[in-house]
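# Inside the fold
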Amino acid sequence: MGHYTISGIRFPCAPLCKSQSTGFHGDRRTSSCLSFNFKKAAFSRRVFSGKSSHESDSSNVMVTASKRVLPDGRIECYSSSTDQLEAPGTVSEESQVLTDVESLIMDDKIVEDEVNKESVPMRETVSIRKIGSKPRSIPPPGRGQRIYDIDPSLTGFRQHLDYRYSQYKRLREEIDKYEGSLDAFSRGYEKFGFSRSETGITYREWAPGATWAALIGDFNNWNPNADVMTQNECGVWEIFLPNNADGSPPIPHGSRVKIRMDTPSGNKDSIPAWIKFSVQAPGELPYNGIYYDPPEEEKYVFKNPQPKRPKSLRIYESHVGMSSTEPVINTYANFRDDVLPRIKKLGYNAVQLMAIQEHSYYASFGYHVTNFYAASSRFGTPDDLKSLIDKAHELGLLVLMDIVHSHASTNTLDGLNMFDGTDGHYFHSGPRGHHWMWDSRLFNYGSWEVLRFLLSNARWWLDEYKFDGFRFDGVTSMMYTHHGLQVDFTGNYNEYFGYATDVDAVVYLMLLNDMIHGLFPEAVTIGEDVSGMPTVCIPVEDGGVGFDYRLHMAVADKWVEIIQKRDEDWKMGDIVHMLTNRRWLEKCVSYAESHDQALVGDKTIAFWLMDKDMYDFMALDRPSTPLIDRGVALHKMIRLITMGLGGEGYLNFMGNEFGHPEWIDFPRGDLHLPSGKFVPGNNYSYDKCRRRFDLGNSKRLRYHGMQEFDQAIQHLEEAYGFMTSEHQYISRKDERDRIIVFERGNLVFVFNFHWTSSYSDYRVGCLKPGKYKIVLDSDDPLFGGFGRLSHDAEHFSFEGWYDNRPRSFMVYTPCRTAVVYALVEDEVENEVEPVAG
């Protein structure tokens with residue numbers, strides 16, 4: 001058998017094989033796919049020898065470590081090389097919901113007295129490895145009471161919310177007591193998995209269900225008797241490997257490694273849970289854990305400081321693998337060189353990377369994670385990813401990670417599922433530990449070691465890779481025992497604060513945001529919550545869950561509903577309500593469409609509007625059609641009004657800015673479901689698993705005008721900051737004229753959704769006196785419009801109340817056109833010139 005090398009990491013070469021998996025996250029379709037491929041010419045190849053991880057048998061050996069019983073009955077566990085506590089056991093024995101709330105909190109006075117009994121631990125100080133950074137600290141818990149000032153209606157649910165906060169405070173106190181601090185607790189990756197010292201390598205793994213364990217790999221010829229591990233009373237297995245006689249590390253960089261265990265489910269080989277790199281070799285079904293520790297001279301060194309958090313967040317949602325115009329799996333390096341400059345030019349200030357955590361099933365879009373600490377090897381090495389992030393920082397772009405802590409893959413070969421042979425290791429046992437729709441495992445957030453694993457995971461990506469924050473996937477699923485499935489949230493507070501709330505999960509999210517914002521003050525956290533739970537975006541110290549933004553998911557769903565109606569049935573009031581229906585002081589990231597709407601089986605906005613006409617009538621040298629004219633016009637208007645009214649942040653999935661004409665279909669084979677249903681595959685094709693940026697760049701196609709408009713609205717926000725302006729007023733929602741007029745900052749937005757009627761001398765209200773000029777016009781020929789407006793026209797306000805505004809001015813508003821007017825202050829014109837390209 002031959003072998004190949006990736007940056008010094010050796011893998012066997014064999015013919016490519018196909019693997020199948022069923023079910024994945026949310027509405028991502030069930031399919032099977034070619035689970036491993038590299039872009040051609042990406043890696044060199046050479047020959048080496050080595051045994052398979054399955055070639056030798058194991059013997060049963062049981063070794064225990066020392067323990068000490070504390071006065072309160074807890075067991076204090078030590079490893080052989082440190083005196084740090086391993087764990088105090090399980091966080092709580094209670095269920096995630098209150099079984100008898102009245103017995104816990106009896107009246108408001110007792111509640112207030114209990115809340116005011118603050119436990120103030122010493123402030124934790126830790127140095128973060130950031131360029132130019134200062135030591136940061138995690139403040140002690142606050143009172144958690146400001147939420148009632150922000151929203152007095154929450155007082156009716158005070159017993160639930162105060163109980164939630166008391167659980168958070170209790171957990172902070174226990175972490176301080178048994179781990180030293182939340183800072184220390186969140187550095188689990190320094191102790192678990194592989195840790196290198198001057199004298200050798202220590203490997204630790206929490207696997208309480210195993211009765212015997214040994215470290216195996218290329219370094220010991222996969223001999224299970226060579227490096228047998230010892231276990232302490234907390235279920236942590238450990239082994240120390242001294243350096244070789246010549247001082248070299250006992251495990252070479254790039255070696256394959258696994259842990260072999262005797263478990264209640266039988267003998268099994270597993271990839272270490274804290275592995276930093278994992279690769280599936282061609283022709284092999286399971287992945288192999290890789291000991292990734294390159295020599296100092298080969299490690300990537302960050303050169304650029306991380307950008308400060310922008311006031312308005314404009315996110316370009318991206319998937320590295322499908323970011324090539326060619327039907328291949330793209331690389332971190334190509335994304336760095338080809339796509340990052342595009343994102344910068346378009347005017348976005350943040351890139352959100354999907355599918356970074358290793359996932360054995362490509363078609364899961366990265367949402368069925370198998371190795372939580374490993375950067376996906378499909379796209380390159382960990383150092384390649386670091387180079388990508390560093391380049392983004394050079395361009396002034398934040399890099400957010402689409403991180404998954406809501407569930408995990410059911411894969412037992414490569415992931416955490418049944419890791420130590422038990423159903424309830426990292427996850428809830430029984431039905432509660434299985435997500436029936438996503439076919440995935442659900443974490444037990446009431447477990448001490450699960451908290452350590454996940455908190456450390458978030459910190460690992462921030463500290464090691466310099467990510468600037470996260471979009472947390474599936475937060476709704478985490479916060480409720482029903483996971484938001486088959487539940488219509490109406491806004492009734494009983495839906496948020498009752499027996500269906502998973503308090504353990506909510507408290508974990510509070511700890512998570514506490515840790516992130518304490519140690520990485522510039523980091524951004526976004527929660528994907530469709531339920532609209534109050535307090536999700538209120539700081540933890542005030543009693544909230546602590547996210548900076550909520551992903552405003554309802555907007556995209558509502559747009560899909562609206563665009564399927566006739567123009568005559570669009571309601572201006574419904575559009576405005578959809579975009580403005582969000583909580584005070586809780587910021588939102590809005591979007592008209594994300595990756596969800598681009599998946600095969602669904603439709604993007606462009607496809608809903610123009611359908612098959614996109615294939616034949618998008619060339620400028622061909623006549624257009626009424627469907628194309630309507631689609632191009634409404635596509636631009638929908639994106640602008642979503643950004644204008646929908647929130648304090650904005651998100652776009654790559655390619656949607658120009659109305660990408662193809663859906664996303666991962667490579668997959670035919671599938672026979674257990675129900676007997678046959679799902680045809682696509683012959684493992686990558687043709688639909690890419691982005692045709694060339695279409696948006698081509699000046700011969702109408703896609704180019706749509707792309708130019710998206711670029712213009714990003715630069716408009718950069719110039720005027722309307723998304724984060726405190727001034728917002730909607731002055732007109734005219735159902736007869738189909739006109740919407742609103743002010744945001746010093747800008748006045750005028751939308752005419754009528755399909756045929758244009759209006760001359762149309763009066764629009766405004767707040768400030770002065771001269772107004774057009775700074776953005778969706779009908780501009782550069783944007784694929786008809787050029788019906790003069791940008792040299794000046795619009796002077798005149799006094800007199802109109803639409804509840806003290807002043808107004810006159811405009812011409814063509815049908816299916818959005819125009820933005822800016823107040824010209826002190827005769828300085830701030831017009832945003834369209835950027836041609």
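Above: the structure in question.
What counts, and where the lines are drawn
- Residues numbered from 1 in each chain as written.
- Predicted model: local features only at pLDDT ≥ 70, side-chain atom pairs only at ≥ 80, totals over all residues.
- Heavy atoms only, no water.
- 1 Å grid on protein atoms, 1.4 Å probe; cavity = no way out; pocket = protein on both sides within 12 Å on 5 of 7 lines; lining within 4 Å.
- Points joined across faces, edges and corners; volume = space filled by probe spheres on them.
- Helix = DSSP H or I, 4+ residues; strand = E, 2+ residues; numbered from the N terminus.
- Nonpolar A, V, L, I, M, F, W, Y, C, P; charged D, E, K, R; others polar.
- Phe/Tyr/Trp six-rings, centres within 6.5 Å; stacked < 30°, edge-to-face > 60°.
- Buried < 20%, exposed > 50% of the residue type's maximum accessible area, 1.4 Å probe, protein only.
- Lys NZ or Arg CZ within 6 Å of the ring centre and 35° of its normal.
- Core = buried A, V, L, I, M, F, W, Y, C linked by side-chain atoms within 4.5 Å.
- Contact = heavy atoms within 4.5 Å.
- Pairing = 2+ DSSP bridges.
- Axes fitted to C-alpha atoms, helices over the stretch in contact; angles between N-to-C directions.

### What to know about the layout of surface pockets
As a volume, the largest pocket reaches approximately 1,400 Å³. Considering the residues around the largest pocket, the lining is formed by 47 residues, among which V530, S531, M553, A554 and D557 are closest to the centre. Elements that contribute at least two residues to the lining of the largest pocket include exactly α9 (475-479), β29 (549-551), α11 (553-563), α12 (572-580) and α13 (595-598). With seven residues, α11 is the largest single contributor of residues to the lining of the largest pocket. Per-class residue counts for the lining of the largest pocket are 17 nonpolar, 16 polar and 14 charged.

### So, the packing of aromatic side chains
Enumeration according to the criterion identifies 51 aromatic pairs in this entry. Ring centres of F443 and Y445 lie 6.2 Å apart, and the angle between their planes is 50°; on these two criteria the pair is classed as tilted. Neither F443 nor Y445 differs from the other in exposure class; each is buried. Ring geometry for Y445 versus Y508: centroids 5.5 Å apart, planes at 20°, classification stacked. You can see Y445 sitting in the loop between β26 (440-441) and α8 (448-465) and its partner Y508 sitting in helix α10 (residues 503-519), a full 63 residues away along the chain. When its relative accessible area of 5% is taken as the criterion, Y445 is described as buried. A relative accessible area of 0% places Y508 in the buried class. In this structure, K276 packs its charged tip against the face of W460, placed 5.1 Å from the ring centre. The ring of Y729 is capped by R805, whose NZ or CZ atom sits 3.9 Å from the centre of that ring.

### Notes on the nonpolar core
Across soluble globular proteins, nonpolar side chains have a tendency to be buried as a group. The biggest cluster of nonpolar side chains holds 189 residues, and the ones touching the most others in it are W461, F467 and W559. With twelve residues, the single largest contributor to this core is α10. If sequence neighbours within four positions are ignored, W559 has contacts with W570, I575, M578, L579, A592, I638, I641 and T642. In this structure, V741, V748, Y772 and I774 belong to the second largest nonpolar core, which totals 16 residues.

### Some points on the sheet that holds strand β40 (residues 798-802)
Read from one edge to the other, the open sheet built from three strands follows the order β37-β41-β40, with strand pairing classed as antiparallel. Here the strands that pair on one side only, and so sit at the sheet edges, are β37 (759-766) and β40. On average, adjacent strands in this sheet sit at an angle of 55° to one another, irrespective of strand direction. When β40 meets strand β41 (residues 805-813), the two strands line up antiparallel, connected through three bridges. Looking at the pairing, E799 lines up with R807 of β41.

### Digging into the sheet that holds strand β23 (residues 398-404)
The strand order β19-β20-β23-β27-β28-β29-β30-β31 describes a closed barrel built from eight strands, whose pairing is parallel. Within the sheet, the average angular offset between the axes of one strand and its neighbour, ignoring direction, is 30°. For strand β28 (residues 524-527) and β29, the ladder comprises two bridges, and the chain directions are parallel. By the bridge assignment for β29, I526 is matched with Y549. Each of β19 (313-319) and β20 (350-354) is contacted by helix α6 (residues 332-346), which is oriented at about 150° to β19, the strand it contacts most. Strands in contact with helix α15 (residues 626-645) are β19, β30 (588-590) and β31 (649-653); relative to β31, the strand with the most contacts, it is inclined by about 150°.

### Things to note about the pairing of strand β16 (residues 266-270)
Side chains on a regular strand alternate between the two faces of the sheet. Strand direction decides the pairing type here: strand β15 (residues 256-263) and β16, joined by five bridges, are antiparallel. Residue pairing for β16: T263 is matched across the bridge by G266. Between the antiparallel neighbours β15 and β16 lie two residues.

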